[in-house]
Each structure stands twice: as structure tokens, then as C-alpha cells.
Amino acid sequence: MKKGLLLIAVALVFSCQQKPAEEAPKTETPPAPVEKKEEAISDKGIGPITEVKLGPIDQALAKKGKEIFDSKCASCHKLEEKYVGPPLKGVTQRRKPEWIMNMILNPSEMVQKDPIAKGLLAEYPTQMPFQNVSQEDARAILEYLRSVDEGK
Amino acid sequence: MPTQKEAVKSVAPGDVASKVYVPPGKHDEFYVFFSGGFSGQVSVYGIPSGRIIKVIKVFSVDPETGYGFTPETKPMLMTSHGFIPWDDAHHPWLSQTNGEQDGRWLFINANNVPRIARIDLSTFETTEIIEIPNSAGNHPSPYGTENTEYVVAGTRFSVPIPQKDVPIDSYKENFKGTISFIKANEPGKMDVAFQILMPGFNYDLARCGRGPSHGWCFFTSYNTEQAHTLLEINASKNDKDYIAAINWKRAEECVAQGKYQEMPATYYHNYYDEEKHMAVSEVKKSVKVINPKDCQGVAYFLPTPKSPHGVDVSDDGEYIVGGGKLATVIPIHSFSKMLKAIEQKAFEKEIDGIPVLKYDAVLHCELEKPCLGPLHTEFDGKGFAYTSCFVSSEIIKYDYKGCKVVDRAPTYYSIGHLLVMGGDTKKPYGKYAIAMNKITKDRSLPVGPELLQSAQLYDISGEKMQLIHEFFTVGEPHYAQGILADKIKDKVKKIYELEKNKHPYAVKSEKDARVERKGNEVHVYMTMIRSHFTPDNIEGIKVGDTVYFHVTNLEQDWDIPHGFVIKGSEDAEILVMPGQTKTLVWKPKAPGIYPFYCTDFCSALHQEMQGYVRVSPAGSNAPLKYYTGTAQK
């Protein structure tokens, strides 16, 4: 396994944002193909999760999330202590729920393309692995982290 | 023997390189599995590039992964002779359904201590090994049937059955052979279904029929002279030896009718449970033996010149080609003529209850003056057979129905077996043939007296065979099989799921990591994840203890194994795959501090992945203590 080091070296260059195509002057001839632009990075991160609807804390889901967290995440993430990865207390206030789930589900692309995740890799150089969790598992972990942050 | 200059000539002009060039990052079209011969393992190559992509651990211990060293894998190498760390693996055979490769399993034989192994092609790991009783030199094996109902085994060496202490020169009186059929269709359930007692010849290679000849398997024999010394001369006297044709459906009937003897025999069946990550051995105590005298129609002999090696069945199931090493012709038998000869009782004699069919009654044709030392044959599905010729170092291509050689190509040097992609199935892919050569001299940079065996790749898609590539192999391949990558690649596992890990000493969460003492045994339930062990500091171990490090890799990411080893360990390291648990057993001999570390470069902080064990003198009161980081337990 030699990927860890490589990823650190990857510096991704984003193309400069150009004016949106619809503002270009209209012409008689069909418009030249517009170069595909990098998608703007949203604060929801990059990955399969585009929208999460949050309700009151679901205690059963949070409990399941804690079990998964203990098995697959706790080796590297503590709540209040800087460890292999960042401390996670307050993470649901710092990041969008979609960002958190995308980081769990799609960590290798996140650390290459998402500016926040890239910054974290520089600070914590052990690449966060995908731990073979389903979207449901990731949602449960999110619920657990919410329950921690809301003190419930 | 051809020279190197001729080799250059044999490569036709044109863009040969692009035929074998697979750009970085692209995948090969075929997997090819080479037997390791005296390495005891199987090596996997991508073709056409000739790049090695895996060595599968089968019959030999492997210090790289701990195979055969750990308590989990030692049972895999148990036999009635005890723990055997090595064997001689000869013939890989890919499982089939309906006469076509199905990409489920690879089987391979062990020659020295007769066994057959199953390799699961979703993990490329050996998952089952069965020992063959009443056998010696399991050479004509495993060569299965068209729905993988059975894989077969036979005795290269005849021996007393059952074994007994007799003078060797009582060979003719006391020595017998056996041919065995092993149920192969269900993982974990390999079993010797029945054995057939055969005259004391040497049984050499085998192939089972397909299509019309499904239900039959064919075995070559030599030393029908029944010599027991200086076989080089004494077993080369008869003009013809025999191909044994075994009707296994008839054998099944005889077993159902009770026409067999239940013979006491001790042999091992070893099975690796993928969810427990652990192998168990089962000792079997008897085997069903059929005497052809009691089961008429189970076996026939086809006279075949001369000391035949290969016996190969065409893709349509009709033609049976014998590779008579010392013969001046290649005999091609006809299966339908054989059935007719049996019906008409065209027998010349009987040996131990086995009728010998008349040569002319079963022969389709003799390929005249084919080459010197014909050995082994495969088919391309387009009406052509390809036979390797050891003595004249060449492959010949011929129309086996018309009995006519159409092309020949030199090999470098002294080819043993060859393979045509899918060449033993109902639907060969053709396209490539590979020569497995025995003598390498001058084909690679010199590396001392021992050279790796060379393999040469031929494009056989056109009229003329064309040598397009050469590469070098692990051990001494005796045979290889190729399969379209598409039949395997999407089924291959990337991790072992942690949730499914049922190893009795697995810990699936760091918080469960712990150390427990039971008398002089200390069990360390350890986890590993990039890039630390839990626990990584352990105290309270004493000289005289046996320490079991049960290490679980918590990663669930492809290609992230971690290794574990401790200073002074007398065993191999363990290399633990994602989601897997393995055990390293350690007996510290002197007080002191012993570092352990991860041996597989896993992350930027791999070099930090380490720990210490403190060993105190025997009888000291040092309490058990273990932790990782600041949180002492």
C-alpha cells in the first residue's frame, strides 16, 4: 500500500471560475461548446449525499450509530482529544450533515477535492479510510454525533 | 535444439510488441494460473502482458503471510504423515460448468504426499485440501469432470495396497495402483467418493471426457513392464502401454449396488472457514475401493504407443490424443469407436479384470512423424490440436480429424506442457498458446547455476503460430490454465467484512482490545488500524509464558493489510488482511523490552506503527498492564 503518501502530494488545481455561459453575447452561429467547468465546491462536500433532513434526535438510531462508531471509527477519532483524526465533538455544528456523511462514505475523493478535507489531511496525514459502511450506517453515525453535540 | 539466432527469426516482422503491450493502469485480457512445481504454490499472470499479479499459497508454508505458521492455517497442511511444510504442485485445473470454465475454483494436486487443493477464486486463497489414501505420487490429477462433479487422482507410483512391509522385488505380486474420484462440487465437502484398484503400473496424466464422452475419464500409464529399478531402461521396453478409460458413472452404479470394499485408511480433510478465518482438520478412517473384477465395465485399456504422457480429449469430446513420449507417431483414438469396440467385445486380453481393447478397433488415426518426444496436447476450438514436443523443442499444430500437421514453431528450450486458452473445455478461446519450457539457458541475464523456467507466448489466431513474448515463472510450472478475466474479476473480494468475522479471538472494536492471562498462556486481543496497535504497550509478560497475539485488522479498505512481528519471534510474521484476524505465537526467552511493528507500509505514519512488550523474569510479580496512548487500562 503506497497510496497514503501519494495523496498528500496531490495538489489539485481548480480552473478559474469564468462568467456563466448564459451571459455570453448571443450570436447567429451555434455557440461553441463550452468547456466543462469544475463543479463549485459546496459546503455539503462531495459524494453520494446531497440532502439530509434532520428531525429531533432518534435515540435508537443514535445508539446504533454509537456501536458502529466504536467499531469502525473510534480507533482514530476521539470526541475531545486530537488523535489520529480530529476530535469530533462539535462537528455537527462545524459542518453540514451532508458533508459529514460524504466524508464517511467518500473519504478518498473528499481529501483530494474538498478544500476543508484537503486542509485536514495536511494536519492529520493519515488518510481517512472508507470503512465499508452503508449510507444507513453513515446516517446512524451522524445521529450519534448529533446526540453528543446536543447532549442528549 | 533451436538456437537463439533462430528465435530471432521466428518472431515475424511487424508490430509484435503492441500485441503484448498492456499500458500502465490497464488490465490484461486473461488470468493464467501456473503451477509452481517444487515451489508448492500457484502463480498468477496477466496475459498477454506476462506480468505476475499474485502468488497463491497452497502446499508450502509462506513466511510472507504466515500461511502454515499460524494456528489458523497449520491445519491446512496436516496429513496422515503429520504436518508437511512443502509439496510439489503440478496441474492446475479450473472448475467447469457444462464443459466451460465458470471461474469459481482452481484445483491443484500435490504429488509427493498425495493431495488435492481447492482455491477459491473470490479470494485467491486455498480453502480446502484433501489427502488421497492408498496413493503415492499423485500425478494424474486433478483434471475434473465437465460439471466439476469430480476431480481425479491416480498413482504415479504403485505401492502395496494397503501398505505393508514387503521386499521391493515382490513388485509384481504386491504392488497396485489406484484411481480415485473426489467429490468437488461443494466447498467444505471434498470427499473421496470411490477408488478403483488398478494393476501396478505408473499412472501419469489424465483428462475427463466432455459432451458425448462425459461420464468417462482417461488416464495414461507407463511401466506396464512393472519394473521397480532402472525404469529409464526397464520401463521403456513395451511398444505400447495403455490409456485407462474409466467409466465413472458405472462406478457410481457399482457403489450404489454395494460392489465395493470399505477399506480402512487414514487420511486428512482440511477446510478453511472464511468467516472464522481458521482451518480445521477432519481425519477420515475408511474409503470405498472398487475391484474391476467385481464391477464389469468400469475400466478398459486402450493400447497406446509408447510410454504416453498426455491424454487429451478434443473440445467436441470425440478424440483422445495420446502423447507417446517415446513414440514416433501421435495416436488419436476415437471415443465412438471405443464404445463400439466395447459393445463388440473387441478385446485382445484382460489384465486384472480389465479388458484390453484392440488397438485398431479404437484408433482414429496415427499422426505420422509429428516431432520428437510428443508430450501434451490442447485444442483451439477451430479443428486444430497443438502438441508440445520435448525432445525436438517445438509445438506442432495439426488437423486432428484429417491427421495432418499444418504448422510447427520452435520453443526455447525443451517444452514440457503447453496451454491453449480454454484448451481443455468445450469452447476453447484459442487466441494464445503458452509453452512452459524446462531449460532456460541463455534466455535471460545469467543469475547463477539456477535459472527460472521460461514461458513463451504464441499468437495462434492466424494460420501460423507466432512467438510474441517471453517471461519467467515461479518454481517449475508443469501446467497452466487460462481464463477470460471477465469470468473472475467482478467476483473478487476486496476486504473481509468485519461484521462477518467469527474468529473466536477477534476484537471488532478498539475498546474491546485487552490482554488476558490463563496460567502460563497470555492472550493478547489486539487491533490494528492506520497507524497504531491497541494495545501498543504491554507489561506483565514473564519468561516461560506462551503469548498469543490475536491481531485483528480493523481496516475495511482494499489493499490495506498490516503486518505484525515481534523481535525474537521464531515464527514467520503475520500479514493480516482488512477485516481478518490472525495469531502469532511467541515464547519470550529472556527478560527485557521487545519491540513489535507493522511490516506493511500502510500510511505516512507507518514507521510510527509500533509498540513494546516488557518481559519480566519467570516467577516475578509484574502485574498485567496494557494501554495505547494516555488511556491506561
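Coordinates for the structure precede this section.
Below or above, wherever it landed, is the structure these notes cover. Note that the coordinates shown come from a computational prediction; the quantities given were computed from them, not determined experimentally.

Some words on the overall build of chain A
Per the secondary structure count, chain A includes seven helices and zero strands. For chain A, the α and β elements follow one another from N to C terminus as α-α-α-α-α-α-α. For chain A, the proportion of its 152 residues judged to be buried stands at 40%. Considering only intrachain contacts with a sequence separation of at least 6, the fraction spanning at least 24 residues in chain A is 70%. Carbon and sulfur atoms make up 58% of the accessible area of chain A, which totals about 9200 Å².

Remarks on the interface of chain B and chain A
For an interface, size is often stated in terms of accessible area lost upon the parts coming together. At the interface, 27 residues of chain B touch 21 residues of chain A. For the chain B and chain A pair, buried surface summed over both sides reaches about 1900 Å², with 52% attributable to carbon and sulfur atoms. For the pair chain B and chain A, the number of links is two salt bridges. One salt bridge connects lysine 78 of chain A with glutamate 510 of chain B, and the closest N-O pair in it is separated by 3.8 Å. Linking chain B to chain A there are seven residue pairs in polar contact (both at pLDDT 80 or more). A breakdown of the residues in the side of chain B that touches chain A according to their chemical character gives ten nonpolar, seven polar and ten charged.

Quick notes on the environment of tyrosine 203 of chain B
Residues and elements named next belong to chain B. Tracing the sequence through the fold places tyrosine 203 in strand β14 (residues 202-208). C-alpha separation for the pair tyrosine 203 and lysine 508, spaced 305 residues apart in sequence, amounts to 51 Å. Once you skip the residues sitting within four places of it in the chain, tyrosine 203 turns out to touch His139, Pro140, Thr155, Arg156, Gly177, Ile179, Met198, Thr220, Ser221 and Phe301. In this structure the side chain of tyrosine 203 is engaged in a polar contact, spanning 2.9 Å, whose partner is the backbone oxygen of proline 199.

Topic: the sheet that holds strand β33 (residues 466-472) of chain B
Residues and elements named next belong to chain B. Strand order across the open sheet formed by four strands is β30-β31-β32-β33, with antiparallel pairing between neighbours. The strands lining the two open edges of the sheet, one partner per strand, are β30 (415-421) and β33. Put simply, the sheet's adjacent strands are angled 20° from each other on average, direction ignored. Bridging between strand β32 (residues 454-459) and β33 involves six bridges; their strand directions are antiparallel. By the bridge assignment, tyrosine 458 is partnered in β33 with leucine 467.

Regarding the pattern of salt bridges
Here the idea is simple: oppositely charged side chains can pair when their charged atoms come close. If you walk through the whole model with that rule in mind, you get 45 salt bridges over all chains. For glutamate 275 of chain B, the salt bridge is made with lysine 502 of chain B, and the minimal N-O distance between the two is 2.8 Å. Taken as a pair, glutamate 275 of chain B in the loop between β17 (261-273) and β18 (278-290) and lysine 502 of chain B in the loop between β34 (480-484) and β35 (514-518) lie far apart in primary sequence, 227 residues in all. On the basis of relative accessible area, glutamate 275 of chain B is assigned to the partly exposed category, the value being 32%. One continuous salt-bridge network, built from bridges that share partners, spans Arg139, Glu143, Arg146 and Glu150 of chain A.

Some points on the layout of surface pockets
All names here are of chain B. The space that makes up the largest pocket amounts to roughly 1800 Å³. Lining the largest pocket we find 47 residues, and of these Ile53, Lys54, Phe124, Val492 and Trp558 sit closest to its centre. No other element matches the five residues that strand β3 (residues 51-56) contributes to the lining of the largest pocket.

Section: the state of the cysteines
For the coordinates displayed, the defined rule picks out four disulfides over all chains. The disulfide bridge from cysteine 371 of chain B ends at cysteine 389 of chain B, spanning 2.0 Å between sulfur atoms. Measuring handedness by torsion sign, the sulfur bridge of cysteine 371 of chain B and cysteine 389 of chain B sits at about -70° and is left-handed. A residue pair is termed long-range when its members are at least 10 positions apart, and cysteine 371 of chain B in the loop between β25 (363-368) and β26 (374-379) and cysteine 389 of chain B in strand β27 (residues 384-389) qualify at 18 residues. In this structure, cysteine 371 of chain B and cysteine 389 of chain B share a single accessibility class: buried. For chain B, the disulfide bridges join cysteines in the arrangement 1-2, 3-4, 5-8, 6-7, where the cysteines are counted in sequence order. Take cysteine 76 of chain A: it sits in no disulfide, and the sulfur closest to it among the cysteines is that of cysteine 73 of chain A, at 8.9 Å. For cysteine 76 of chain A, a relative accessible area of 11% corresponds to the buried category.

Let's talk about a nonpolar patch on the surface
Side chains of Leu372, Phe390 and Val391 of chain B sit close together on the surface and give an oily, nonpolar patch of about 270 Å² of accessible area. Of note, phenylalanine 390 of chain B is situated in the loop between β27 and β28 (394-399).

Brief notes about the nonpolar core
Phe181, Phe194 and Phe301 of chain B are the most contacted members of the largest nonpolar core, which has 49 residues in total. Each residue touching phenylalanine 181 of chain B, except ones within four places of it in the same chain, is listed here: Tyr150, Val151, Val152, Asp191, Val192, Ala193, Phe194, Ile196, Cys217, Ile246 and Trp248 of chain B. Core analysis: the next-biggest nonpolar cluster, separate from the first, contains 27 residues, Val52, Ile68, Val91 and Leu121 of chain A among them.

Overview of the packing of aromatic side chains
All names here are of chain B. If you walk through the whole model with that rule in mind, you get 36 aromatic pairs over all chains. Ring geometry for tyrosine 150 and phenylalanine 194: centres 5.7 Å apart, planes at 65°, overall edge-to-face. Highlighted residues: tyrosine 150 in strand β10 (residues 150-154) and phenylalanine 194 in strand β13 (residues 191-198), separated in sequence by 44 residues. For tyrosine 150, a relative accessible area of 5% puts it in the buried group. A ring pair is formed by phenylalanine 533 and phenylalanine 564, whose centres lie 5.7 Å apart and whose planes are at 75°; its orientation type is edge-to-face. Placement of phenylalanine 533 in strand β37 (residues 532-534) and of phenylalanine 564 in strand β40 (residues 562-566) is noted, with a sequence separation of 31 residues between them. Both residues of the pair, phenylalanine 533 and phenylalanine 564, count as buried.

Quick word on the packing of helix α4 (residues 97-105) of chain A against helix α7 (residues 135-149) of chain A
Residues and elements named next belong to chain A. Relative orientation of the contacting elements α4 and α7 amounts to 130°, with a least axis distance of 9 Å. Judged by the inter-axis angle, α4 sits oblique to α7. Considering the relative orientation of α4 and α7, their crossing is right-handed. Where α4 approaches α7, its residues Pro97, Ile100, Met101, Ile104 and Leu105 are matched on the opposing element by Gln135, Ala138, Arg139, Ile141, Leu142 and Leu145. Residue composition of the contact of α4 with α7, grouped by class: nine nonpolar, one polar and one charged.

Cut-offs used in this document
- Residues numbered from 1 in each chain as written.
- Chains lettered and ligands numbered in written order.
- Predicted model: local features only at pLDDT ≥ 70, side-chain atom pairs only at ≥ 80, totals over all residues.
- Heavy atoms only, no water.
- Helix = DSSP H or I, 4+ residues; strand = E, 2+ residues; numbered from the N terminus.
- Buried < 20%, exposed > 50% of the residue type's maximum accessible area, 1.4 Å probe, protein only.
- Contact = heavy atoms within 4.5 Å.
- Areas by Shrake-Rupley, 256 points an atom, 1.4 Å probe, with all protein chains shown as cover.
- Buried area = accessible area lost by both parts, 1.4 Å probe.
- Salt bridge = Lys/Arg side-chain N within 4 Å of Asp/Glu carboxyl O.
- Polar contact = N/O pair within 3.5 Å; in protein donor to acceptor, adjacent residues only side chain to side chain.
- Nonpolar A, V, L, I, M, F, W, Y, C, P; charged D, E, K, R; others polar.
- Pairing = 2+ DSSP bridges.
- Axes fitted to C-alpha atoms, helices over the stretch in contact; angles between N-to-C directions.
- 1 Å grid on protein atoms, 1.4 Å probe; cavity = no way out; pocket = protein on both sides within 12 Å on 5 of 7 lines; lining within 4 Å.
- Points joined across faces, edges and corners; volume = space filled by probe spheres on them.
- Disulfide = S-S within 2.5 Å.
- Patch = residues over 30% accessible without salt bridge, like charges linked within 9 Å, V, L, I, M, F, W, Y side chains within 5 Å.
- Core = buried A, V, L, I, M, F, W, Y, C linked by side-chain atoms within 4.5 Å.
- Phe/Tyr/Trp six-rings, centres within 6.5 Å; stacked < 30°, edge-to-face > 60°.
- Parallel < 35°, antiparallel > 145°, perpendicular 65-115°, else oblique.
- Left-handed = near helix turned anticlockwise from the far one by under 90°.

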